[in-house]
Amino acid sequence: MTGGLGVVTSPEQGRLAGPLSMSVANLCHRLQSQVSARTAAGFAEVLRRLGAPLQVAVAGRIKSGKSTLVNALIGRRVAPTDIGECTRLVTRFQYGTVDRVEIVFTDGRKQVLPFAADGMIPAELGVDITTVSHIEAYLTNAVLQGMTVIDTPGLGSLDAASVSRTEQLLGAAKHRKDDEDEEGSDELDDTSRNAVAGAEAVLYVVTQGVRADDQQALAAFTAATASREAGPVNAIAVLNKADTIAPESVEGAGGDVWKAATILSEKQASTLKPRVADVLPVIGLIAESAESGGFTSADAEALRQLAELDDDILQTMLISADIFTTWECDVPSGTRLRLLEKLDLFGISHAVDVIRKEPEITAGALRRSLLDASGLEAVRQRLSIVFAARADGIKAAAALASVTALAHASADPGERQRVHDAIEVLLAKPEAHQLRLLEALTLVASGAVDMPEDLSEEVLRVGSNADIGAQLGKPGAPRPELAAHALERAGWWRSFASFGATPAQSRVAHVVHRAYFLIWQQVREPQS
Ligand SMILES: Nc1nc2c(ncn2[C@@H]2O[C@H](COP(=O)(O)OP(=O)(O)O)[C@@H](O)[C@H]2O)c(=O)[nH]1
Ligand SMILES: [Mg+2]
C-alpha cells in the first residue's frame, strides 16, 4: 500500500496518485479564478483530497470485526473494539508526524483527545456524542502514508444516529435542500460538502453468512462512494472471523478450518458479485494480535506450557471458551483468558501445534507463524494491487464526480458550462484512458455489459493490474513476447469492436483495444 506506483509530485500539489490526478488538479487550478467563491472553495477541497492518500473506508455490519481489522492493517491497537461510544463513531486514521487524536464536532469545532493509558483512542469521549461529527486520528504509522483508513460504525445496523453519521461521512446522505442559501459565502454548503466527502474505496467486511442486508449495505455503500458506478473497481471484501467457521459444516473442507473459509469465501464472492471482485478469508483477531504488539513473549511462554499438556486434556479444553478458562490447569486462568482474548481457540490451537512441531521456536517466530495463519498478508497484497494500482483512476474519478457535482449545484449557467467544457477537454486527453478502462471494467464485472466469460476475465486482468506482464497474463515474460501479444490482442479487440459485437460490447472493446495499444507502445522495441 505504500504508493510507489506512479506517484507524481508537483511543487504546489504535493503527492498525486498519477498523471490523471495531475490533469484533474490542473483543471481545478485553472478554473478556480473563473468560478464563484463557493465553487472555488469546493475546488480547493477537491484539490486537497487529490493530494491526499487514497481514502479507504472499512465497512460492514456491527461486530463483524472492522475495528480489529483496522488495527491489524495499521499495525497498532488504537481503534477501540467491541463496546464504548467510539465504536459508534466514524474514525479517520491518517498519516501525521506526531500521534494526535481530535474530536471533530458537527459545528466544525475540534478538540484534542488524549490517548488512553493503553495507547488506544478512549472508548468514552466525555463530550455529548450527539454533537460529534467524527474522530480524526493522526498517526505516524508508515502504512498510512499510502492510504487513509476510515473505520465506520457499520451500515444497516445500530442506532439511527450512528448510521446517519456513517452515511454522512461517506457522502451517502441525501442532499439537503437548503431554503435560505447564504449567497456569496466562502463556506461549503451541504451539497458540496457531501459531494467531496465520499470515501474513494471500500474494504467490505463480512462474516460467515452473507445476508440480504449485507448486500444492501454494500450496494448503498458503493453507490455512495464518489465513483460513478458501484463496482469492483473500488471495493474488495474479506470474510472475517474465518477461525469461527465450523469446518464440518462446509462440504469439501475435509475438517480444515482454512479450507472451509476458502470455500465459503468463494461462495460469497459469487453472492456479492458484481459489487466486489473477490472475497478473501482472514482472521482479524489473530492478525491484530500478531501485528500490533499485542502478542507478547509472556503469551508465547503460556502457550509453551499449554503445549506440554497431555493432548487429550488440551483437546477437551479447546472445545469451548468456557471449558478452556475454567479447566483445572497450571496455567493461571487469567492468563488463559488473556490468550483467548488475543487469539481465540483457533489461534491457541494453531500456536500449540506449531510449538509441538518445533519446541525451540522463538516468541518472534511464533508471532510470525500466527500472522501467516491470519491471512492478513493476502489482504494487504490485494489492497495494494487493487487499490494502489488504480489509485490514480479512482481518485481522479472521485474528484471529477465532485467537480461535476459542484458545477451542477452552481446557480450560474455560464459557470456550469465552463466546468463542463473543461471536463470534456480533459476526457479527450490520453491519460483519461484509465478512466474509461475502469469504467469498462465496472460494466463488465457488474454484468451491465454481457461478455463471454473468457473475455470478461481478460478485461478484468487488463484493468486490474499495474504490472504489464500481469495485465497480459504473462508475468515475467520477455519484452518482445509481451509486445507481440499486446499487438495481437489490440488487433483482435479492434475487430471484435467492429464485427460480431453488440453496441455495448463494442464500446468496451474499443477501450480494451486502446489499452492494449498503449501497452504495446510501452513495451515495443525502441524505433531507430
Ligand atoms: N474469533 C474472532 N473474533 C474476532 C475476530 N475479529 C474480531 N473479533 C472479535 O469480534 C468482536 C467485535 O470486533 P470489532 O472489531 O469491535 O467489530 P466492529 O464492530 O465491526 O468494529 C471483538 O470482540 C473482537 O475481538 C476474528 O477474526 N476472530
Ligand atoms: Mg468498530
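The name that an unreviewed UniProt entry assigns to the protein chain is Dynamin family protein, with the source organism given as Amycolatopsis iheyensis. The UniProt entry for the protein chain carries this comment under Subcellular location (unreviewed entry): "Membrane".

Novice: Give me the lowdown on the site of ligand 1, citing residues and values where you can.
Specialist: Neighbouring residues of ligand 1: 18 residues in total, closest Lys 63, Lys 66, Thr 68, Asp 82 and Asp 344. At a separation of 2.7 Å, an oxygen atom of ligand 1 approaches a polar backbone atom of Lys 63. Contact distances for ligand 1 include 2.8 Å between a nitrogen atom and a side-chain N or O atom of Asp 243. Burial of ligand 1 by the protein chains amounts to 89% of its free accessible area of 580 Å². Counting only elements with at least two residues in the shell around ligand 1, the list comes to α3 (66-74) and α9 (284-291).

Novice: Describe the pattern of salt bridges, listing the residues and the values that go with them.
Specialist: A complete count under the given rule lists 19 salt bridges for this structure. In this structure, Asp 99 engages Arg 76 in a salt bridge whose closest nitrogen and oxygen atoms are separated by 3.0 Å. Note that Asp 99 is positioned in the loop between β4 (91-95) and β5 (100-105) and Arg 76 in the loop between α3 and β4, a separation of 23 residues in sequence. What makes Asp 99 partly exposed here is its relative accessible area of 31%. One continuous salt-bridge network, built from bridges that share partners, spans Glu 291, Arg 367, Glu 377 and Arg 380.

Novice: Tell me about the packing of aromatic side chains, and name the residues and values.
Specialist: Overall, the coordinates contain 4 aromatic pairs when judged by the stated rule. Seen from their ring centres, Trp 492 and Phe 496 are 5.2 Å apart, and the 15 degrees between their planes marks the pair as stacked. Of this pair, Trp 492 and Phe 496 are both found in helix α20 (residues 479-498), 4 residues apart, which corresponds to roughly one turn of the helix. For Phe 496, a relative accessible area of 12% puts it in the buried group. Between Trp 493 and Phe 496 the ring centres are 5.6 Å apart and the planes differ by 90 degrees, which places this aromatic pair in the edge-to-face class. Of this pair, Trp 493 and Phe 496 both sit in helix α20, 3 residues apart, which is roughly one turn of the helix. Just as Trp 493 is buried, Phe 496 falls in that class too. One aromatic cluster in this structure is built from Trp 492, Trp 493 and Phe 496.

Novice: Give a description of the sheet that holds strand β3 (residues 54-60) that names residues and reports values.
Specialist: Here 9 strands make up an open sheet; going across it, the order is β6-β5-β7-β4-β8-β3-β9-β10-β11 and the pairing mixed. Both outer strands of the open sheet, β6 (110-112) and β11 (279-281), are each paired with one neighbouring strand and no more. Sheet twist, expressed as the average angle between the axes of neighbouring strands with direction ignored, equals 25 degrees. Note that β4 and strand β7 (residues 132-139) share 5 bridges and pair parallel. Looking across to β7, one finds that Arg 92 is bridged to Glu 136. Seen against the sheet, helix α8 (residues 257-272) touches β9 (201-206), β10 (235-239) and β11 and runs at an angle of roughly 165 degrees to β11.

Criteria and thresholds
- Within any chain, residue numbers begin from 1 and follow the written order of that chain's sequence.
- As they are written, the chains are lettered A onward and the ligands numbered 1 onward, keeping that order.
- Per-residue local features are limited, in this predicted model, to residues with pLDDT of at least 70; the limit for side-chain atom pairs, both in listing and counting, is 80 or more; totals at the level of whole chains, interfaces and linings are taken over all residues.
- Here the side-chain values reflect all heavy atoms present in the structure, with hydrogen atoms and water set aside.
- UniProt positions are given in the numbering used here, feature names are shortened, and annotations may be inferred rather than shown by experiment.
- Consider each residue's heavy atoms; a residue with any of them within 4 Å of a molecule or strand counts as near.
- What qualifies as a polar contact is a pair of N or O atoms within 3.5 Å, subject to a donor-acceptor requirement within protein and to the restriction that residues adjacent in sequence count only when both atoms come from side chains.
- Note on areas: Shrake-Rupley with a 1.4 Å probe; residue coverage comes only from the protein chains shown.
- Going along the chain from the N terminus, every DSSP run of H or I of four or more residues is numbered as a helix, and every run of E of two or more is numbered as a strand.
- Between Lys or Arg on one side and Asp or Glu on the other, a salt bridge is scored when a side-chain nitrogen of the former is within 4 Å of a carboxyl oxygen of the latter.
- Residue exposure (1.4 Å probe, protein chains only): buried if accessible area is under 20% of the type maximum, exposed if over 50%, otherwise partly exposed.
- Side-chain rings of Phe, Tyr and Trp, where Trp is taken by its six-membered ring, are said to pair if the distance between their centres is within 6.5 Å; with planes under 30 degrees apart they count as stacked, over 60 as edge-to-face, and otherwise as tilted.
- At least two DSSP bridges between two strands are required for those strands to pair.
- All axes are obtained by fitting lines to C-alpha atoms, using only the stretch in contact for helices, and the reported angles, taken between N-to-C directions, cover 0 to 180 degrees.
- In what follows, a contact means two residues having at least one pair of non-hydrogen atoms within 4.5 Å.

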